[in-house]
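Structural overview
Each chain, letter by letter, is given below.
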Amino acid sequence: MVTTMVRHLVLASASVRRIKLLKKFVDNLVVVSPNYVEVLLDDPVETVYRNSRGKVYSVLDSVSRDSIVIGVDTVVYHPSFGVIGKPSNLDDAREILRKLNGRIHSVYSGVYIVDKSSDRETFFYVVTHVKFHRLNHDEIEEYVASGEPLGKAGAYAIQERGMLFIEWIMGDFYNVVGLPISRLYRVLK
């Protein structure tokens, strides 16, 4: 479906989830792991803007002139705790899950796109609101021990075991997974 729109679609990402999602719709997807260190700022929109743009620009010189390069970043935000990225270790994951426990939080994904042939740049972001059930100590400990929270913004994977913690979601499910695929499709179209 998407393959008819572009010749070289490049995803600047090492995320297995993002790669897997895009490959469902893009036969000729090129994946280039970005050489960029993510930052966490006070503002979630500025954070996902800067990180998604940084990922694109870290690979832009290594791709062909007819490429469209996509960079994506996802963070969690709660007004009391600020911007929350990926946990640095299991203790950090445990602390993040305790903060989100029983609360509503927002998931922001920013997508930065550069059409290298026209030098056109586009940025958009999507926000999804998620409410966690009230989790007991054992639920958090078992989840942390699984290792699944590592590498996930907000220390959970909604498409994996983390789905058991979700009371409700308002917005794009795939945004919480880490790639607002429907919006991306519409922008590329």
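For the structure, see preceding data.
Now for a look at the structure at hand.

Conventions we followed
For every chain, the first residue of its written sequence is number 1, and the numbers climb from 1 along that sequence. The model is predicted, so local features are restricted to residues of pLDDT at least 70 and side-chain atom pairs to those at 80 or more, both for listing and for counting; the totals for chains, interfaces and linings are taken over all residues. Water and hydrogen atoms play no part in the side-chain values, which are based on all heavy atoms of the structure. Salt bridge, as applied in this entry: a Lys or Arg side-chain nitrogen positioned within 4 Å of an Asp or Glu carboxyl oxygen. Elements are defined by DSSP. Helices are runs of H or I of four residues or more, strands are runs of E of two residues or more, and each kind is numbered from the N terminus. Each residue is assigned to one of three classes by its accessible area relative to the maximum for its type, calculated with a 1.4 Å probe on protein chains only: buried under 20%, partly exposed between the two thresholds, exposed over 50%. For this analysis, a nonpolar core means a set of buried residues of the types Ala, Val, Leu, Ile, Met, Phe, Trp, Tyr and Cys, connected via side-chain atoms within 4.5 Å. By the convention used here, residues are in contact when the closest approach between their heavy atoms is within 4.5 Å. Side-chain rings of Phe, Tyr and Trp, where Trp is taken by its six-membered ring, are said to pair if the distance between their centres is within 6.5 Å; with planes under 30 degrees apart they count as stacked, over 60 as edge-to-face, and otherwise as tilted. By the counting rule applied here, Lys and Arg register as positive and Asp and Glu as negative, while His and the ends of each chain are not counted. The directions from the helix axis to the C-beta atoms are what the arc is built from. The criterion for strand pairing is that DSSP finds at least two bridges linking the strands in question.

In total, this model carries nine salt bridges according to the counting rule given. In this structure, Glu38 engages Lys55 in a salt bridge whose closest nitrogen and oxygen atoms are separated by 2.9 Å. Residue Glu38 is located in the loop between β2 (30-32) and α2 (44-59), and its partner Lys55 is located in helix α2; the two are separated by 17 residues in the primary sequence. Between Arg98 and Glu141 there is a salt bridge, with its nearest N and O atoms 3.6 Å apart. Within this pair, whereas Arg98 is found in helix α3 (residues 90-100), its partner Glu141 is found in helix α4 (residues 137-146), the two being separated by 43 residues in sequence. For Glu141, a relative accessible area of 23% puts it in the partly exposed group. Three or more residues joined by partner-sharing salt bridges are found here, namely Glu38, Lys55, Asp73 and Lys86.

This paragraph deals with the nonpolar core. Residues Leu22, Ile70, Leu97, Ile113, Phe132, Tyr156 and Leu184 are the most contacted members of the largest nonpolar core, which totals 40 residues. Excluding residues that lie within four positions of it along the chain, Ile113 makes contacts with Ile68, Val69, Ile70, Arg120, Glu121, Thr122, Phe124, Leu184, Val187 and Leu188. One finds Val10, Ala12, Val56 and Val63 within the second-largest nonpolar core, a separate group that totals nine residues.

Take the packing of aromatic side chains next. This structure, assessed with the given rule, holds eleven aromatic pairs. Centre to centre, the rings of Phe173 and Tyr174 are 5.1 Å apart; their planes meet at 85°, and the pair counts as edge-to-face. You can call Tyr174 partly exposed: its relative accessible area is 37%. Aromatic rings pair up to connect Tyr49, Tyr57, Tyr77, Tyr108, Tyr112, Phe123 and Tyr125 into one cluster.

Position of Lys152 relative to the elements: it lies in the loop between α4 and β7 (166-170). Salt bridges are absent for the buried Lys152, whose nearest opposite-charge side chain, Glu148, sits at 6.1 Å.

With that out of the way, let us pick up helix α6 (residues 181-188). For α6, the complete set of buried residues consists of Ile181, Leu184 and Leu188. Each buried residue of α6 sits inside an arc of 60° when the element is viewed along its axis, so together they form one side. Buried residues along α6 sit against β1 (8-12), α1 (16-23), β3 (67-78), β5 (104-115), β6 (120-132) and α5 (173-177).

With that out of the way, let us pick up the environment of Ile70. Secondary-structure assignment places Ile70 in strand β3. A C-alpha to C-alpha distance of 9.4 Å links Ile70 and Leu184, two positions 114 residues apart in sequence. Once residues within four sequence positions are removed from consideration, Ile70 is found in contact with Leu9, Val10, Leu11, Ala12, Val56, Val111, Tyr112, Ile113, Leu184 and Leu188.

Here α4 has its buried residues at Ile140, Tyr143 and Val144. Looking straight down α4, one finds that the buried residues subtend no more than 100° of arc, so they occupy a single side. Among the exposed residues of α4, those pointing more than 90 degrees away from its buried face are Glu142 and Ala145. Here the buried face of α4 lies against α3.

Turning our attention to the pairing of β1. In terms of burial, β1 is largely enclosed, as four of its five residues are buried. Relative to β3, β1 runs parallel, the two sharing five bridges. Its bridge partner being in β3, His8 is matched across the sheet by Ser67.

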